[in-house]
Amino acid sequence: MFPPFPEEPASAYCRELIADLASGAVQMEQLTPVSAQRAEQGIMLGVLVCTAADGSQVVLRTVSGIRCRLDCDNFVEPIVSAAEVSRALQKNDGEIHSLTEKINTLKNSRRLPDGAYAEQTDEERSLCRTRLDLCGESLQSVLSLYSFCCADGLVRDLLSMVKKRLPPTGTGDCCAPKLLSYAFAHALTPVSMAEVFYERNASSLPIAHGVALKTVPPCDIRCALILPAILGLHILYRDDDIIVVNKQSGVLSVPGRGPEKQDCIVSRVLRLFPSCIAQPAVHRLDMETSGLMVLAFTQDAHRALNRQFENREVQKEYIAVIDGILPARFEPEGQMELFFSLDVEHRPHQIWDAEHGKSAVTEWHSLGTERYTAPDGSARTVTRIRFVPHTGRTHQLRLAAADSHGFGVPIVGDTLYGFCAPGERLLLHAETLCFAHPITGHAMEFHCAPDF
């Protein structure tokens, strides 16, 4: 993951914390017994610098895991304690150990003289399946204990954040989710966050006395599964001038009319980064479209990015899944020019208008057919398309797919120009975004694959 907040000055407080641990001014207390080998292993330290409502600075500190704590100011405890985890595991623990002993006995009984093993018996396979089911049940019991206060003030449970599968053991025990959940629960605004690896031996002393401190971003294995939900944003890049996010399907890019349409990518950026300009958006995606968006933190960056979009210097590529097979009259790749204008009686629909419509130029590349399984379990053949828009017209790609002057085959889940089944989403995603950095001029290229 890209660090969601600047790492300075939090890294400076990490250095102080390491120095205090090295000198003994701060003690690390072990809450549960560990082997001598694991006792020597290092641990991740995390610091989050925040601003309180009165403008004062609050520095939060924590460690990864649930098995130790620090006797320092503003220490953030685990979301779920080791005792709570132990109680959740207790139900199946005895049976899992018993099954493991039986499985090991059966495995040893099929060991051959040359050290290899004969094929598993049906009994052993059955015991392994039972153990796997019990382990999954125990993991679900543990993970169901976890919930986090998010940037919007709502509390969300871990399992609702990762709907598709059970996350790895330890998800929610890293520094970042603990620190951010605590901050949002106490109305603190994050300013800077850093995590560092601390080795519990003399090798940490040079770091404490001036050697460069290497920070570690939130992990991809666990934190990446839940931090976007906690923050309300999936941040792919951020510096002093711009932020690049992966917009979720179903979220507006900019505020709409009415209080129910104020939650959007812009409002979420402003909530996390209060010093950002009031109007940071330089382009937008349809609410149902997911994918890459760049926003500006400063007026200078906003002007420079706007100029690039107006001059068509920004390269964008989208992935879409159309609801059927590409008609035979279309080559696997090509370019089309269509003309559309607003249907004023059925906003926001666009309609074909060869006389007064605006030109919409779209390049396409067929990536092949595949089987798509709908939310109701039914399956059908669809075609994956890479779209490269050369203009930026409203609903340009949705119309290139659905309109009779285009493919005549709507994108799966299109509520405006096709059909969207219950539980379905528009399968359109902004996958690639290339532009020049608005301040440095350096080429910036971002890729983010769709989750469909």
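Provided above is the structure to which this section pertains.
Residues numbered from 1 in each chain as written. Predicted model: local features only at pLDDT ≥ 70, side-chain atom pairs only at ≥ 80, totals over all residues. Heavy atoms only, no water.

1. Focus: the overall build of the protein chain
Moving on, step 1. The number of helices and strands found in the protein chain is 11 helices and 17 strands.
Moving on, step 2. With respect to the three principal axes, the spread of C-alpha positions in the protein chain is 80 × 65 × 40 Å.
Moving on, step 3. The burial tally for the protein chain puts 46% of its 452 residues in the buried class.
Moving on, step 4. Within the protein chain, residue pairs in contact and separated by at least 24 positions form 64% of the contacts whose partners lie at least 6 positions apart.
Moving on, step 5. As presented, the protein chain carries roughly 22600 Å² of accessible surface, and 51% of it is formed by carbon and sulfur atoms.
Moving on, step 6. Within the protein chain, one finds 43 positive and 55 negative side-chain charges whose respective centroids are separated by 2 Å. (Helix = DSSP H or I, 4+ residues; strand = E, 2+ residues; numbered from the N terminus. Buried < 20%, exposed > 50% of the residue type's maximum accessible area, 1.4 Å probe, protein only. Contact = heavy atoms within 4.5 Å. Areas by Shrake-Rupley, 256 points an atom, 1.4 Å probe, with all protein chains shown as cover. Lys, Arg positive; Asp, Glu negative; His and termini not counted. Charge placed at Lys NZ, Arg CZ, Asp CG, Glu CD.)

2. A short note on the pairing of strand E3 (residues 57-63)
Moving on, step 1. The buried fraction of E3 is high, at 6 of 7 residues.
Moving on, step 2. Where strand E2 (residues 43-51) meets E3, 7 bridges bridge the pair, whose relative direction is antiparallel. Residue Cys-50 lies in a different strand from E3, and its bridge partner there is Val-58.
Moving on, step 3. Counting the residues in the hairpin turn of E2 and E3 gives 5 residues, including Gly-55, whose phi is positive at 90°. (Pairing = 2+ DSSP bridges.)

3. Overview of unusual backbone geometry
Moving on, step 1. Across the junction of Glu-8 and Pro-9, the peptide omega takes the value 10°, indicating a cis bond.
Moving on, step 2. Checked against the element boundaries, Pro-9 lands in the segment before helix H1 (10-23).
Moving on, step 3. A cis amide bond links Arg-347 with the next residue in sequence, Pro-348, at an omega value of 5°.
Moving on, step 4. Looking at the element boundaries, Pro-348 is found in the loop between strand E12 (333-342) and strand E13 (350-352).
Moving on, step 5. In this model, Asn-74 sits at a positive phi of 50°, which is unusual for a non-glycine residue.
Moving on, step 6. Within the fold, Asn-74 resides in the loop between strand E4 (68-70) and helix H3 (82-109).
Moving on, step 7. Positive phi, close to 60°, is recorded for His-395, a residue that is not glycine.
Moving on, step 8. Mapped onto the secondary structure, His-395 falls in the loop between strand E15 (379-389) and helix H11 (396-402).

4. Brief notes about the pattern of salt bridges
A side chain with one charge can pair with a side chain of the opposite charge if their charged atoms come near.
Moving on, step 1. In the structure shown here, the tally under the stated rule is 17 salt bridges.
Moving on, step 2. A salt bridge links Asp-300 to Arg-303; its shortest N-O distance comes to 2.4 Å. Note that Asp-300 and Arg-303 are positioned in helix H10 (residues 299-310) at a spacing of 3 residues, about one turn of the helix.
Moving on, step 3. The class of Asp-300 is partly exposed, set by a relative accessible area of 47%.
Moving on, step 4. Between Asp-451 and Arg-425 there is a salt bridge, with its nearest N and O atoms 3.5 Å apart. Here the residue Asp-451 occupies a position in the segment after strand E17 (443-447), and Arg-425 occupies one in the loop between H11 and strand E16 (428-436), the gap between them amounting to 26 residues.
Moving on, step 5. For Asp-451, a relative accessible area of 53% puts it in the exposed group. (Salt bridge = Lys/Arg side-chain N within 4 Å of Asp/Glu carboxyl O.)

5. Side note on the nonpolar core
Moving on, step 1. Counting 85 residues, the largest nonpolar core has Leu-60, Leu-180, Ile-230, Val-269, Phe-273, Phe-387 and Phe-407 as the members making the most contacts within it.
Moving on, step 2. With 6 residues, the top contributor of residues to this core is helix H6 (residues 175-185).
Moving on, step 3. Beyond its immediate chain neighbours, meaning those up to four positions away, Leu-60 contacts Gly-46, Val-47, Leu-48, Cys-50, Asn-74, Val-76, Leu-179, Tyr-182, Ala-183 and Leu-188. (Core = buried A, V, L, I, M, F, W, Y, C linked by side-chain atoms within 4.5 Å.)

6. Remarks on the environment of Glu-16
Moving on, step 1. Among the secondary structure elements, Glu-16 is positioned in helix H1.
Moving on, step 2. Sequence separation of Glu-16 and Val-142 is 126 residues, and the distance between their C-alpha atoms is 34 Å.

7. Considering the packing of H6 against helix H8 (residues 223-231)
Moving on, step 1. Where H6 contacts H8, the two axes come as close as 10 Å, and the packing angle between them is 15°. Comparing the axis directions of H6 and H8 gives the class roughly parallel. Crossing of H6 over H8 shows left-handed handedness. The segment H6 lies against H8, with Ala-176, Pro-177, Leu-180 and Phe-184 engaging Cys-223, Ile-226, Leu-227, Ile-230 and Leu-231. (Axes fitted to C-alpha atoms, helices over the stretch in contact; angles between N-to-C directions. Parallel < 35°, antiparallel > 145°, perpendicular 65-115°, else oblique. Left-handed = near helix turned anticlockwise from the far one by under 90°.)

Function cannot be read off these values alone, since they describe shape.
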